[in-house]
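Report on the structure
Listed here are the chains, written in short residue letters.
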Amino acid sequence: MDRGFDQRDVADFGDVLGRAAADPSLRASSIVPTKENDALLQALLQISFESPLDPGRVLDFLCLGFEHGQVHTRHPRYFGLLHTAPSEIASMAAALVAVFNPQLATRSHAPFAVDLEEHLVRALAHRFGYARENVEGTFTNGGAEANATALFLALSRAFPEWETRGVRAFSRDPKIYVSAEAHPTMARAARLAGLGTDAVRTIPVDATHRMKVSTLRETIANDRASNGTPLLIVATAGTTNSGAIDPLLDVASIAERASAWFHVDAAWGGLLALVPEQSRHLEGIARADSIAFDPHKTLSVPLGCGMFLTRRPGSLAKAFHDRAGYMPRKADRDPYARSMAWSRRFIGAPLFAELASLGWTGVAERLRTQLAMGELLKTRLREANFQVVNETPLPVACFVDRTRKGGDRGAFLGAVMREVVGSNAGWLSVTRLSNGAKVLRACVTNIHTDERDVERLVQALERARHIDASCKDSPA
Ligand SMILES: *Cc1c(COP(=O)(O)O)cnc(C)c1O
């Protein structure tokens, strides 16, 4: 036990943690950082680490910081960017992980944790339609890491000499295909892998923000004609902006014909696979060589929980194997030899706690509620004469105000957004779609959002649309 922090403090802190995890006053509290945060920053700058502070005060300080110094993504009226509200049991599991601190580089150090994660990988992969006996995967920090993992596997399959010769192994120019609404992490991965963003072909989207497959076909043909080779084709199942799902079946066929690695970025939209009557929206996903899925966006688990799944067993080890004198020689089940991370925490534990305590039916029930709140939000916005411009089964609305001239201009939308957020009626954002249009974006991100919250947001929007919008569009 640390000096100055005794058994009683630990018990007290357990209470604090429990109360924070199930905070009944959350709905009434500020969604965004409060003014107190300025005072906290001043107090922080006074802490020079020269002399020790009382541990109880240190934790109180952290709690104040959490309370006042963040956007509360777990707030029921956080209509934001895919961050969720961890359930009580998932938070508690994460706290247990921090206490026991199993080390997941090698299986020998944490056989229970490694077996449990493998079990979860198979269970989730099965929900996406992969055969249980023919999958492997790894937990990641999130979708960014999972998308980069797909690129490395595609490179290692297409160019066996890539491992030793790097980019010099390429006889032809490898190309990556994504939609204009795809997440930027794929282009980042291309940059970091030394391919450069010129290797990324951005395929335009149609009016529903889905990848235009005819253009995908043409672009591949043109690339082939000029020394390019299709390395990786990425379909997004649930774009971050508008929830669009690329035509997975068509993209699958194109990828198969082109012998390219087919990756589905289902970081967010993957949740549809867990709701039986919605899974048809992901038809074709099982034909993907790999899938990225983010439990930390769609299931109620804390941040830092992503998954990479593939139906190409052995490909992770092929891309990531390493040798170190102090590591076991036979490493086929060691996470360090099958992922970008080396030492890492037990990422899967909160997800396990969540799934095991709810069961698939419980999970589906919760997601259904979230989807229903998304539908209610879209309906109420339309009734209030906002124009919803996106089409998706996912609980996100992109919208503009058609009742007034200039109701779709960035400056107006920004002013409306600030007004709503400033009144604490809800957190929402303004985003720019790939066609250049600016829209308000509101997304149901957690299981606590209910009819009252949706109503309050829509009413605040109706009030805010009357603000003075003589404001000119700021230069984009
Ligand atoms: C959020 C998101 C990512 C990035 O995932 P992180 O978990 O933030 O690393 C990738 N793709 C899509 C579609 C996303 O929505």
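This section reports on the structure supplied with the text. None of these values were measured; they are calculated from a predicted model.

In terms of helices and strands, the protein chain carries 15 helices and eleven strands. Relative to a compact globule of 476 residues, whose C-alpha radius of gyration would be 23 Å, the protein chain shows 24 Å and is just as compact. Overall size of the protein chain, expressed as C-alpha extent along the three principal axes, is 65 × 60 × 45 Å. Residue burial in the protein chain is summarised as follows: out of 476 residues, 51% are buried. Split by element, the accessible area of the protein chain, about 22,200 Å² in all, is 53% carbon and sulfur.

Leu216, Ile233, Val264, Leu309 and Leu351 are the most contacted members of the largest nonpolar core, which has 63 residues in total. Of all the elements, helix H5 (residues 111–127) adds the most residues to this core, at seven residues. In terms of nonpolar packing, the next biggest core, distinct from the first, is built from 35 residues, Val388, Cys398, Val439 and Ala442 among them.

Looking now at the pairing of strand S10 (residues 429–432). On S10, burial follows the alternation: Ser429 and Thr431 on one face are buried, whereas Val430 and Arg432 on the facing-out side are not. As paired elements, S10 and strand S11 (residues 438–443) share four bridges and run antiparallel to each other. Along S11, the bridge assignment pairs Thr431 with Val439. As consecutive antiparallel partners, S10 and S11 are separated by five residues, and within that stretch Gly436 has a phi angle of approximately 95 degrees, a positive value.

Near the ligand lie 14 residues; those nearest to it are Ala144, Asp265, Asp294, His296 and Lys297. For the ligand, an oxygen atom lies 2.8 Å from a polar atom in the side chain of His296. Summarising the interface, the protein chains cover 86% of the accessible area of the ligand, which totals 380 Å² for the free molecule. Among the secondary structure elements, those contributing two or more residues to the shell around the ligand are helix H6 (143–158) and helix H11 (295–298). Broken down by element, the residue count for the shell around the ligand peaks at three residues, all from H6.

Further remarks concern the sheet that holds S10. Strand order in this open sheet of four strands is S8-S9-S11-S10, and the pairing throughout is antiparallel. The sheet is open, and its two borders are formed by strand S8 (386–388) and S10, each paired with just one other strand. Neighbour-to-neighbour, the strand axes of the sheet open up by a mean angle of 45 degrees, direction not taken into account.

It is worth spelling out the sheet that holds strand S2 (residues 173–179) at this point. Read across the open sheet, the seven strands follow the order S1-S7-S6-S5-S4-S2-S3; overall the sheet is mixed. Looking at strand neighbours, the two that pair on one side only are strand S1 (136–140) and strand S3 (200–203), the edges of this open sheet. With strand direction ignored, the average angle separating the axes of adjacent strands in the sheet is 20 degrees. Pairing analysis gives five bridges linking strand S4 (residues 228–236) to strand S5 (residues 261–265), with the strands arranged parallel. Paired with Val234 across the two strands is His263, which belongs to S5. Along the sheet, helix H9 (residues 213–225) contacts S2, S3 and S4; its crossing angle with S4, the most-contacted strand, is approximately 160 degrees. Most of the contacts of helix H10 (residues 248–258) go to S4, to which it runs at about 160 degrees, and overall it touches S4 and S5.

Within the structure shown, the criterion is met by 24 salt bridges. Among the ionic pairs, Arg338 bridges to Glu136, the shortest N-O distance being 3.7 Å. Separated by 202 residues along the polypeptide, Arg338 in the loop between helix H12 (315–320) and helix H13 (348–383) and Glu136 in strand S1 bring together distant segments of the chain. Comparing Arg338 with Glu136 shows no difference in burial state: the two are buried. In this structure, Glu455 engages Arg380 in a salt bridge whose closest nitrogen and oxygen atoms are separated by 2.9 Å. Separated by 75 residues along the polypeptide, Glu455 in helix H15 (residues 451–464) and Arg380 in helix H13 bring together distant segments of the chain. One salt-bridge network, in which partners are shared between bridges, spans Arg27, Arg77, Asp450, Arg452 and Asp453.

On to the environment of Trp268. Within the secondary structure, Trp268 sits in the loop between S5 and strand S6 (290–293). Along the sequence, Trp268 and Gly238 sit 30 residues apart, while their C-alpha atoms lie 5.8 Å from each other. When sequence neighbours within four positions are dropped, the list of residues in contact with Trp268 reads Leu82, Ala237, Gly238, Thr239, Gly243, Thr298, Leu394, Pro395, Val396 and Cys443.

Glancing now at a nonpolar patch on the surface. Together, Leu53, Val58, Leu62 and Phe66 line one region of the surface with nonpolar side chains, adding up to about 350 Å² of accessible area. Looking at where Val58 falls in the secondary structure, it is placed in helix H3 (residues 55–68).

Rules behind the numbers
Residues numbered from 1 in each chain as written. Predicted model: local features only at pLDDT ≥ 70, side-chain atom pairs only at ≥ 80, totals over all residues. Heavy atoms only, no water. Helix = DSSP H or I, 4+ residues; strand = E, 2+ residues; numbered from the N terminus. Rg over C-alpha atoms; globule rule 2.2 N^0.38 Å. Buried < 20%, exposed > 50% of the residue type's maximum accessible area, 1.4 Å probe, protein only. Areas by Shrake-Rupley, 256 points an atom, 1.4 Å probe, with all protein chains shown as cover. Core = buried A, V, L, I, M, F, W, Y, C linked by side-chain atoms within 4.5 Å. Pairing = 2+ DSSP bridges. Near = heavy atom within 4 Å. Polar contact = N/O pair within 3.5 Å; in protein donor to acceptor, adjacent residues only side chain to side chain. Axes fitted to C-alpha atoms, helices over the stretch in contact; angles between N-to-C directions. Contact = heavy atoms within 4.5 Å. Salt bridge = Lys/Arg side-chain N within 4 Å of Asp/Glu carboxyl O. Patch = residues over 30% accessible without salt bridge, like charges linked within 9 Å, V, L, I, M, F, W, Y side chains within 5 Å.

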